[in-house]
Protein chains: 4
Amino acid sequence: MSGSELEGFTFPRSATGRSGLVPAPPWHYSGDLLTIEYRTDPEAVAELLPPPLSPSAEDPGAVAVVWADWQSCSDTFEELADPVRAQYKECFVVVRCRYRGTTYSRCVYIWVDKDFALVRGHVQGYPKKLGDIWLTRPVTVGRAGPRLEPGGRFGATCAAGGRRLIEATFKISGPSEGAGFVNALPMLHHRFFPAIEADGSDSLHEIVTMRGYDTELGPAFRGEATLQVFDSPTEELTRLAPQEMIGGYWRSVGTSWNGGETLEATPR
Amino acid sequence: MSGSELEGFTFPRSATGRSGLVPAPPWHYSGDLLTIEYRTDPEAVAELLPPPLSPSAEDPGAVAVVWADWQSCSDTFEELADPVRAQYKECFVVVRCRYRGTTYSRCVYIWVDKDFALVRGHVQGYPKKLGDIWLTRPVTVGRAGPRLEPGGRFGATCAAGGRRLIEATFKISGPSEGAGFVNALPMLHHRFFPAIEADGSDSLHEIVTMRGYDTELGPAFRGEATLQVFDSPTEELTRLAPQEMIGGYWRSVGTSWNGGETLEATPR
Amino acid sequence: MSGSELEGFTFPRSATGRSGLVPAPPWHYSGDLLTIEYRTDPEAVAELLPPPLSPSAEDPGAVAVVWADWQSCSDTFEELADPVRAQYKECFVVVRCRYRGTTYSRCVYIWVDKDFALVRGHVQGYPKKLGDIWLTRPVTVGRAGPRLEPGGRFGATCAAGGRRLIEATFKISGPSEGAGFVNALPMLHHRFFPAIEADGSDSLHEIVTMRGYDTELGPAFRGEATLQVFDSPTEELTRLAPQEMIGGYWRSVGTSWNGGETLEATPR
Amino acid sequence: MSGSELEGFTFPRSATGRSGLVPAPPWHYSGDLLTIEYRTDPEAVAELLPPPLSPSAEDPGAVAVVWADWQSCSDTFEELADPVRAQYKECFVVVRCRYRGTTYSRCVYIWVDKDFALVRGHVQGYPKKLGDIWLTRPVTVGRAGPRLEPGGRFGATCAAGGRRLIEATFKISGPSEGAGFVNALPMLHHRFFPAIEADGSDSLHEIVTMRGYDTELGPAFRGEATLQVFDSPTEELTRLAPQEMIGGYWRSVGTSWNGGETLEATPR
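Structure report, in brief.

Reading the values: rules and limits
Residues numbered from 1 in each chain as written. Chains lettered and ligands numbered in written order. Predicted model: local features only at pLDDT ≥ 70, side-chain atom pairs only at ≥ 80, totals over all residues. Heavy atoms only, no water. Least-squares fit on C-alpha atoms with pLDDT ≥ 70 in both. Helix = DSSP H or I, 4+ residues; strand = E, 2+ residues; numbered from the N terminus. Buried < 20%, exposed > 50% of the residue type's maximum accessible area, 1.4 Å probe, protein only. Contact = heavy atoms within 4.5 Å. Polar contact = N/O pair within 3.5 Å; in protein donor to acceptor, adjacent residues only side chain to side chain. Phe/Tyr/Trp six-rings, centres within 6.5 Å; stacked < 30°, edge-to-face > 60°. Buried area = accessible area lost by both parts, 1.4 Å probe. Salt bridge = Lys/Arg side-chain N within 4 Å of Asp/Glu carboxyl O.

### Re the relation of the copies chain D and chain A
- Between chain D and chain A, which share one sequence, the superposing operator has a rotation angle of 180° and an axial displacement of 0.0 Å; the RMSD is 0.0 Å. Within this description, the copies of the chain are treated as partners about a two-fold rotation axis. Minimal C-alpha distance to the rotation axis in chain D is attained by Leu 204 of chain D, lying at 3.1 Å.

Structure below.
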């Protein structure tokens, strides 16, 4: 009657591992992404990049806000048959940074609407909070939605704590080669976890990088975009308010993820 | 300083009508529907048909359970740009009935996840409650979802009050001419509203019929389906448990609605 | 194999009545209420009073916004053992009106967070929508809440569709005889239901009145209050913005309800 | 234009620290707790205790399931005025374990309904998931709730992913000295975080202990309890099913938290 090591990728770990909130990778994703790019005050981007990170030399104020309507699953694919465990939406804010001579994408704020996606993101260094995220879906029949063709109009919103944080619109002008440049690079994230002593130190403090594999892209569409950010006592999006719009992109994306790389780990 | 008649299709009515929960018709819908048909005890269907309704003579135990992932809007289309006001999911149980020599479809139970869709349904005679509804979405890229082709697998669930009520699976076997027969007829619904006196009488008691117009159908797919119903202190789905599966259908549907017809109205 | 009349106070009616969203009255309520009273432009109140209603002669711009944190049940009391079916919060806006020589209270806008309370309110003529409602609770131990004593501070918010609609604060200054005058009278409500023909006519159009019975009141507290309303594409609260604060009140209330009275019913 | 170290107790860290999901401790809590204790198969407890933990020698199958209806805040107390940021409910399963000659309490499963409480718990080693938690509240007026006196009846439920996981009832039989023994000791938790490499290793792997301070207790009540656990594809509560009920306790609790102690930290 003595316990052995517990199983499970994340908590709660158990004898079988079945209870863990996030199943072990690989994870597979299929979804629709609306990416809106704009320029903000470069200082507002720079202040979110702790050393040794530094701003991108070119277009240092570029920001992407991405809405994603995902279906995801583990390598057993069982979640797809119980879609409450597979579907979620998220909205995230991405900037670029330099680290050891390379330019990376970096998510600085993000909201998501399911717990498995929240903690899965924490493992990847995404600073996820819960939010209510909505994104117009394209349709193929009927009048209640845009077609994936010039003139198709989309709306996208993000709220948290009963406060509207971001609103955007997008109108397709035509096909596109890509879907933007700000979120197009490998991600550079911090992963940290405060010490239980609550003394200002971190028990975990890492810089990591990651990217998907087996990425499969549907046709991309570009267009005109608008974006507004709103104030909240617990958010700082107005510091990243748009000064100049770049544009918007819509594309279906499939990808898989099976781990990243630790670039720095500060000893405790 | 005296008020005039208030504006608005539904409550709350106001001087401008802007506050009404449901905007005036016409309403437009575009969505994906999974329809699962089976046979239950015909007595269980018959007991849901008050006189002068009677059961369908042919296949009187046939039931359809439909999951719908909708985008809808009013004739201003403004809701499509604020998709929290346009998107909703619902799960509903449909039987057939005879009334004055004609066979109709009839929704006996239904759950939906937005208030505008709840009350809009009440206007149409749908007995809507709130629920959590999930339906696997087909995808075109990546591994996290089925394709609309033979072998594509879907799951669908409905819960309310933190209790799972219905679970189903569907696997595409091939293309289909139609998407089932139980929910294919004009609807025959009761609309009633209890008297404020709470004396057992109704202030409103009508039999109505309705159907959509300008319906646009995408390609349909048929397949094998399973369906389970669970018990709850506030539901009676186990009385309608499947005895024999008929099959399942997936199809994108666009339609519009601009009113129905009152067939009987009981004077107060 | 023919159906008989269906049972149930509200839809969905069934052979047993068990499925109905709202059980038959009497209904019992116990809860905590924060009432904030202020004066707005009297024209903004008057425009919400269709003839034959008219504004109150005294203090015609008085408004109460009430947050209620309720537990309620039917006469079986079974909901109290399954509290997802008993607990709900609501926020509502009340004005006064004259009708046939008597002054009444009248709810003009209201948000609630459960479906049974939504439709139960519709039966009573409350124009309920869904919302997210929060109200600070008094505590008796620890530091994380106010005491029911001078200096106790409360916050209250109402949001819908991811938009903050109302925010208020309240600080107890001392005991109070009552809990305000705007929501203190019998209610005068319209109950209406649009015709299925969607032709602008109503199938049901009534003026009703109601009040609780066996009301039991806890000690009341008065204090200073602030209140802000925010804009939304589907709300008109800014038309009712405060011009002058009257004050706030906190009190626990128990009451029961077993029907009201129809004062006018317009024939179809 | 170069960034400096970012501020914030948890992610997302920023230049100001205002965006962090969890504010820095101390944290203050006031709430109502229903504790239900029972005995399960001691092997089912033992299998959740990895070495060097071992089961308690006395009553090794004892389990407590606790429902807590909390209000909490940081040391600024600002959350109390915006109660969407202060109120949450949780349901958690506690066992006891031995570690280095001392007996501790240990939370093995827990569900909570707000993101700040979720991640705050992760910092403390609580393996929190999101859930829907309901607990009957005692009332002082009206018929819709129990009084804190013999005969008062309570219900409590926990659901996740639209599945009911735990249901319990409690009936007060009289006053109590304490509120149970299983959750009465300092907590012993693991804190771990998988490596980004997803290679089966942990970047963080600690054993920590903690307890509250300035704890203030209201009067306690004991009584008879029932508890049922249900199956789910992602939970293992049926392994911890009750074999023998011990009893139930209700008490208001106030406490504060300002850090714990790392007992072991496995080097990476």
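### Digging into the side chain of His 122 of chain B
- Secondary-structure assignment places His 122 of chain B in helix H2 (residues 115–124).
- A relative accessible area of 8% places His 122 of chain B in the buried class.
- Not counting residues up to four positions away in its chain, the partners in contact with His 122 of chain B are Lys 128 and Arg 191 of chain B together with Phe 11, Val 119 and Phe 193 of chain C.

### Looking at the side chain of Arg 85 of chain D
- With respect to the helices and strands, the residue Arg 85 of chain D is situated in the loop between strand E3 (62–74) and strand E4 (87–99).
- Judged by its relative accessible area of 17%, Arg 85 of chain D is buried.
- Looking at Arg 85 of chain D, its side chain comes within polar contact range of the side chain of Glu 78 of chain D, at 2.8 Å.
- Beyond its immediate sequence surroundings of up to four residues, Arg 85 of chain D is in contact with Pro 233 and Thr 234 of chain A together with Ser 72, Glu 78, Glu 79 and Phe 116 of chain D.

### A short note on the packing of aromatic side chains
- Applying the stated criterion across every chain yields a total of 42 aromatic pairs over all chains.
- Look at Tyr 88 of chain A and Phe 116 of chain A: their rings are 5.7 Å apart centre to centre, the planes differ by 85°, and that puts the pair in the edge-to-face class. Separated by 28 residues along the polypeptide, Tyr 88 of chain A in strand E4 (residues 87–99) and Phe 116 of chain A in helix H2 (residues 115–123) bring together distant segments of the chain. Note on accessibility: Tyr 88 of chain A and Phe 116 of chain A belong to one class, buried.
- The interplanar angle of 10° and the centroid separation of 4.9 Å between the aromatic rings of Trp 27 of chain D and Trp 257 of chain D together place this pair among those described as stacked. Residue Trp 27 of chain D is located in strand E1 (residues 27–39), and its partner Trp 257 of chain D is located in strand E13 (residues 244–257); the two are separated by 230 residues in the primary sequence. As far as burial versus exposure is concerned, Trp 27 of chain D and Trp 257 of chain D are alike and both buried.

### Quick notes on the interface of chain D and chain A
- At the interface, 74 residues of chain D touch 75 residues of chain A.
- Summed over both sides, the interface of chain D with chain A buries roughly 6400 Å², with 62% coming from carbon and sulfur.
- Applying the counting criterion to the chain D and chain A interface returns six salt bridges.
- Measuring nitrogen to oxygen at the nearest pair gives 2.8 Å for the salt bridge that ties Asp 202 of chain D to Arg 13 of chain A.
- Viewed at the interface, chain A and chain D are joined by 32 residue pairs in polar contact (both at pLDDT 80 or more).

### Focus on the environment of Ser 176 of chain C
Residues and elements named next belong to chain C.
- Residue placement: Ser 176 occurs in strand E9 (residues 163–176).
- In the structure, Ser 176 is positioned 110 residues away from Val 66 in sequence and 17 Å away in space, judged by C-alpha atoms.
- Apart from residues no more than four positions distant in its own chain, Ser 176 is found in contact with Ala 220, Phe 221, Arg 222 and Tyr 249.
- Within the structure, the side chain of Ser 176 is placed 2.6 Å from the backbone oxygen of Gly 178, a separation counted as a polar contact.

Interpretation note: all reported values are geometric properties and have no functional meaning in isolation.
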